[in-house]
Each structure stands twice: as structure tokens, then as C-alpha cells.
Amino acid sequence: MIYVHIPFCRQKCSYCNFHFSTSLSLKDEILKALKKEIGLRKNELNLANLRSLYFGGGTPSILTPAEIMMLTDEVLKYFHFDPDIEITLEANPDDLNKDFLSGLSKTVVNRLSIGTQSFHDEDLKLMNRIHSGAEAEDSIKRAQDHGFHNISLDLIYGSPVSDFEVWKNNLRKAVALEVPHISSYALTVEPKTALNSWIKTKKVPSPKDEEQQKEFHYMSDFLNDNGFNHYEISNFAKPGFYSRHNTAYWNNEPYLGIGPSAHSYNGRDERSWNVANNTLYIKSLAENKLPSETEILSEKDRYNEIIMTGLRTASGVNVARLEESFSSEILDHFEKELTKGLQSGVLKTTENHLIIPEENWFLADGIASDLFIL
């Protein structure tokens with residue numbers, strides 16, 4: 001699978017610490033560099049057919065449909081597309097006007113991930129989003145009217161400026177819109193963000209962990225009751241609509257990341273990442289150099305990553321795969337910590353897979369870390 005990072009946004013969300021620029025002055029040069037990187041890395045994925053192409057960011061919908069198609073055509077020069085390939089575009093509601101959607105419907109993009117975040121205007125103001133709640137709802141309906149039905153919504157819970165009733169209303173609206181996939185994340189306070197500054201200066205209160213946990217459990221029950229499968233801690237899908245791209249991440253499959261700050265993984269023991277600087281990224285590729293660093297993962301690193309990603313999912317960690325892949329030292333540690341987790345009830349095994357029961361998923365990161373080797 002391939003991920004393409006589009007490092008531009010119209011404005012900065014208060015909670016975001018991803019790499020992007022609000023200036024479009026380098027857009028044409030970035031597009032040229034992206035094409036160059038795709039060609040330079042054409043031999044890195046040993047796949048017969050590409051099953052997922054994902055445009056993330058940043059805000060990929062800041063591009064025109066013609067620019068999106070140009071990048072897709074460039075990938076197609078070097079990689080064979082599976083007939084059932086999933087091609088996802090992350091989009092903001094304010095970009096999804098009729099003209100854009102009309103043009104996008106003529107491209108090969110067949111899945112939209114829409115950054116709704118909330119249908120509540122006070123939440124959106126805190127997050128420094130451009131769109132309103134009504135505009136978010138309208139954009140989804142417009143996308144459906146233009147033939148896009150494989151749609152994922154992003155929602156954020158635990159906002160300190162809303163309450164439980166607002167969250168329930170957000171979920172009711174998402175279900176009423178008949179989208180087949182919902183990704184939902186707790187509002188987190190990242191360093192060097194506006195939200196962090198506002199909380200430090202007491203301009204806004206800090207999110208409350210107990211409120212977020214309450215909203216998480218309600219969401220899980222509500223969406224399960226409405227036909228969604230809770231297949232990963234933050235992801236819910238109707239049958240047949242699991243995110244192919246993100247599922248590959250959780251299964252430790254190889255992926256190629258194109259663009260500034262994008263990460264890649266060879267599926268075994270090597271990870272690389274591009275420089276998180278648009279100017280340096282452009283300069284490096286103009287010189288036919290890859291702007292990346294590489295690390296070789298140790299056996300402990302690989303074990304920890306399999307535990308971390310696998311325990312985020314409903315399918316869990318394949319214990320037989322662990323036993324085949326790691327040394328006795330690693331497995332002795334795993335068995336010791338596993339016994340503790342099983343005895344306390346925070347872990348359980350089913351069909352030779354280790355899982356965290358859904359009722360404990362809000363605490364999954366801490367539970368998984370107990371199995372790590374430091």
C-alpha cells in the first residue's frame with residue numbers, strides 16, 4: 001500500500017501537531033517532488049498488485065481533482081492497481097463543494113475520509129475548524145449525491161466545551177447520515193499546539209479523562225447497536241467497509257510513504273521517514289536524493305510493535321505468529337506478562353489470538369505496554 005502526504009492546510013487546527021504549511025506558495029514544487037519520489041522508490045514495494053492508495057495530510061482536498069489524478073496516474077506508472085483497489089482521499093467539509101465533487105467523481109478516488117470532527121459549532125470553534133456543523137452535514141450529503149458512498153467520518157470526543165448530550169447527538173447524526181465507517185478519537189493535548197497553550201493559560205479547561213471514558217463506552221455500545229463493528233479501538237465499520245489501508249498498518253504489512261514527514265516500513269525490520277520540512281524535501285528531490293532516514297528495528301522493537309498494533313484490534317495478536325518469529329528470551333517475557341494479564345482479566349485468549357476485551361479498550365495502551373520489553 002502507498003500513502004501520499006499532502007503537506008498543506010487552509011488553517012491550523014488548535015489540537016494538531018502534524019507536519020503541514022498554511023502557505024500554498026510551494027504547492028507546485030511539492031507536486032513535482034512527489035512525482036519524483038514516486039519514481040525513485042518504484043522498486044521498494046514487492047507487491048503484485050497495489051490494494052490501497054491513500055492521500056493524507058494535511059488536507060489533500062486542498063488539491064484540484066486534476067492534481068489528484070496526476071498523482072494517481074504517476075503511481076500507476078510504476079505499480080499495478082488491484083482491480084478492487086481502495087483509493088482514499090482525506091477531505092475537509094469546506095472543500096467539498098459541488099464543483100470539486102463533480103471533478104473528483106471523474107477520478108479513480110473511491111473512498112472519502114471526511115474530517116467532520118463534530119456537528120457542534122462550539123466544538124468546531126475550539127478546534128479552529130473552518131466549517132460549521134451544518135456545513136459538515138451538508139458536505140456529506142453532497143458527496144453521497146455525487147456517488148461517493150464509501151465514506152468515513154472523523155469525530156472527536158471529550159471536548160471540554162461540550163457535554164455528554166452533545167456527544168450523543170454527534171453520534172446520532174453520524175448514524176442518520178448512513179455512512180459506513182466512523183473513526184473517532186479522544187481530544188488529546190499535544191505539545192506546541194494552540195490548545196496546549198490555551199489550557200496552560202486557563203483560557204479553556206483541560207479535557208477530563210473520566211468524561212472521555214464515559215463517551216468512549218457509550219459510543220462503542222451505540223454504534224454496535226446500530227450495525228457497526230468495533231474492529232479497532234478508534235474505528236467502527238459496517239460489514240465490508242473496514243479501512244483496507246489502516247488495517248494493513250495494524251497487521252504490520254509493508255507500506256510506502258511518499259511526501260514530507262511520511263513514514264515507510266518494509267514489513268520486516270526496516271523503517272524510514274522523510275524530512276518534515278517542505279523546502280528541504282523539495283531541494284533533496286531536485287538533486288535526485290531521497291530525503292529520508294532509516295532505522296533497523298531490533299527484535300525487541302519488532303515484538304513491541306506487533307503487541308502495540310495487534311492489541312488495538314478486535315482480532316488481536318496471533319500467538320502462533322509470535323512463537324514462530326521470536327527468540328525464547330522474548331517469548332519467556334511474553335508468557336510471564338501474559339499470565340498476569342489473563343489472571344487480572346485485562347487480557348484473554350480466543351482461537352490462539354490474544355485480545356483485550358472491548359470493555360477494557362479505553363485503557364488498551366497501558367495494558368499493551370505491560371507486555372513490552374523496554
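Just above sits the structure.
Computed from a predicted model, the values in this text were never measured in an experiment.

*Asks:* In this structure, what is going on with unusual backbone geometry? I would like to understand it.
*Replies:* Glycine aside, residues mostly have negative phi, and peptide bonds are mostly found in the trans state. Omega for the bond connecting Gly57 with Gly58 falls within 30 degrees of zero, at 20°, which places this linkage in the cis form. Mapped onto the elements, Gly58 comes out in the loop between strand 2 (50-57) and helix 2 (65-78). At Asn352, a residue that is not glycine, the phi angle is positive and equals roughly 65°. Turning to its location among the elements, Asn352 is positioned in the loop between strand 14 (348-350) and strand 15 (353-355). Since its relative accessible area comes to 44%, Asn352 is described here as partly exposed.

*Asks:* What's the story with the packing of aromatic side chains in this structure? I'm lost.
*Replies:* Using the criterion set out here, one finds twelve aromatic pairs in the structure. Plain terms: the ring middles of Tyr3 and Tyr54 are 6.1 Å apart, the flat faces sit at 25° to each other, and that makes the pair stacked. Of this pair, Tyr3 sits in strand 1 (residues 2-6) while Tyr54 sits in strand 2; the two residues are 51 residues apart in sequence, bridging distant segments of the chain. When sorted by exposure, Tyr3 lands in the same class as Tyr54, which is buried. Cluster of aromatic residues (ring-pair linked, three or more members): Tyr157, Trp167, Phe216 and Phe362. One cation-aromatic arrangement involves Lys168 over Tyr218; the distance from NZ or CZ to the ring centre is 5.7 Å. One cation-aromatic arrangement involves Lys238 over Phe228; the distance from NZ or CZ to the ring centre is 4.9 Å.

*Asks:* Sorry if this is basic, but what is going on with the nonpolar core here?
*Replies:* In summary, soluble globular proteins display a tendency toward joint burial of nonpolar side chains. In terms of nonpolar packing, the biggest core is built from 82 residues, with Ile2, Leu112 and Ile307 touching the most fellow members. Every residue in contact with Ile307, bar those within four places of it in the chain, is listed here: Val317, Leu322, Phe334, Ala368, Leu371 and Phe372. Among the nonpolar cores identified, the runner-up in size contains 13 residues, and Tyr15, Leu126, Val161 and Ile199 belong to it.

*Asks:* What is the right way to read the sheet that holds strand 4 (residues 111-117) from this model?
*Replies:* Spatially, the nine strands line up as an open sheet ordered 7-8-6-5-4-3-2-1-9, and their pairing is mixed. The open sheet has two free edges, formed respectively by strand 7 (229-232) and strand 9 (256-258), since each of these has just one partner strand. Neighbour-to-neighbour, the strand axes of this sheet turn through a mean angle of 20°, independent of strand direction. Packing of helix 5 (residues 133-145) onto the sheet brings it into contact with strand 4 and strand 5 (151-157), and relative to strand 4 it is tilted by some 170°.

*Asks:* What should I look at first to understand helix 11 (residues 299-310) in this one?
*Replies:* The periodicity of an α-helix, 3.6 residues per turn, causes residues three or four positions apart to be oriented the same way. For helix 11, built from twelve residues, the straight-helix expectation of 16 Å at 1.5 Å per residue is met to within 8% by its first-to-last C-alpha distance of 16 Å. Regarding helix 11, the residues found buried are Tyr303, Asn304, Glu305, Ile306, Ile307, Thr309 and Gly310. On its buried face, helix 11 sits against helix 9 (244-250), strand 11 (270-274), strand 13 (317-318), helix 12 (319-325), helix 13 (328-344) and helix 14 (364-369).

*Asks:* When you look at the sheet that holds strand 13 in this model, what are you seeing that I'm missing?
*Replies:* By definition, the strands of a sheet pair up through backbone hydrogen bonds, in either a parallel or an antiparallel sense. Taking strand neighbours across the sheet as the criterion, the three strands line up as 13-15-14 in an open arrangement whose pairing is antiparallel. Each end of this open sheet is capped by a strand with a single partner; those strands are strand 13 and strand 14. Relative to strand 15, strand 14 is paired through three bridges, and the arrangement is antiparallel. Opposite Lys348, over in strand 15, you have Ile355 as the bridge partner.

*Asks:* Sorry if this is basic, but what is going on with the layout of surface pockets here?
*Replies:* Rolled over the atoms, a probe sized like a water molecule indicates the empty space that remains. Estimates place the volume of the second largest pocket at around 200 Å³. Together, 14 residues line the second largest pocket, and Arg41, Glu44, Ser264, Glu270 and Ser272 are the ones closest to its centre. Secondary structure elements with two or more residues in the lining of the second largest pocket: strand 10 (263-265), strand 11 and strand 12 (292-296). It is strand 11 that contributes the most residues to the lining of the second largest pocket, three residues altogether.

*Asks:* Which parts of the structure should I look at to understand the packing of helix 1 (residues 27-40) against helix 2?
*Replies:* The angle between the axes and the distance between the axes are what describe a pair of packed helices. In contact at an axis separation of 9 Å, helix 1 and helix 2 are set at 15° when each is read in the N-to-C sense. As judged from the angle between their axes, helix 1 and helix 2 are roughly parallel. The two elements helix 1 and helix 2 cross, and the hand of that crossing is right-handed. Packed against helix 1, whose contacting residues are Lys27, Asp28, Leu31, Leu34, Lys35, Ile38 and Gly39, the element helix 2 presents Glu67, Met70, Leu71, Glu74, Val75 and Tyr78 at the interface.

*Asks:* What is the right way to look at empty space enclosed by the protein in this model?
*Replies:* The final tally for this structure, using the stated rule, is one cavity of 30 Å³ or more. Here the largest cavity is characterised by a volume of approximately 30 Å³. Forming the walls of the largest cavity are Asp123, Ile156, Tyr157, Gly158, Ser159, Ser162, Val166, Trp167, Asn170 and Glu215. Looking at the lining of the largest cavity, the elements that each hand over two or more residues are strand 5 and helix 6 (164-176).

Basis of the calculations
- Residues numbered from 1 in each chain as written.
- Predicted model: local features only at pLDDT ≥ 70, side-chain atom pairs only at ≥ 80, totals over all residues.
- Heavy atoms only, no water.
- Helix = DSSP H or I, 4+ residues; strand = E, 2+ residues; numbered from the N terminus.
- Buried < 20%, exposed > 50% of the residue type's maximum accessible area, 1.4 Å probe, protein only.
- Phe/Tyr/Trp six-rings, centres within 6.5 Å; stacked < 30°, edge-to-face > 60°.
- Lys NZ or Arg CZ within 6 Å of the ring centre and 35° of its normal.
- Core = buried A, V, L, I, M, F, W, Y, C linked by side-chain atoms within 4.5 Å.
- Contact = heavy atoms within 4.5 Å.
- Pairing = 2+ DSSP bridges.
- Axes fitted to C-alpha atoms, helices over the stretch in contact; angles between N-to-C directions.
- Expected span 1.5 Å × (residues − 1).
- 1 Å grid on protein atoms, 1.4 Å probe; cavity = no way out; pocket = protein on both sides within 12 Å on 5 of 7 lines; lining within 4 Å.
- Points joined across faces, edges and corners; volume = space filled by probe spheres on them.
- Parallel < 35°, antiparallel > 145°, perpendicular 65-115°, else oblique.
- Left-handed = near helix turned anticlockwise from the far one by under 90°.

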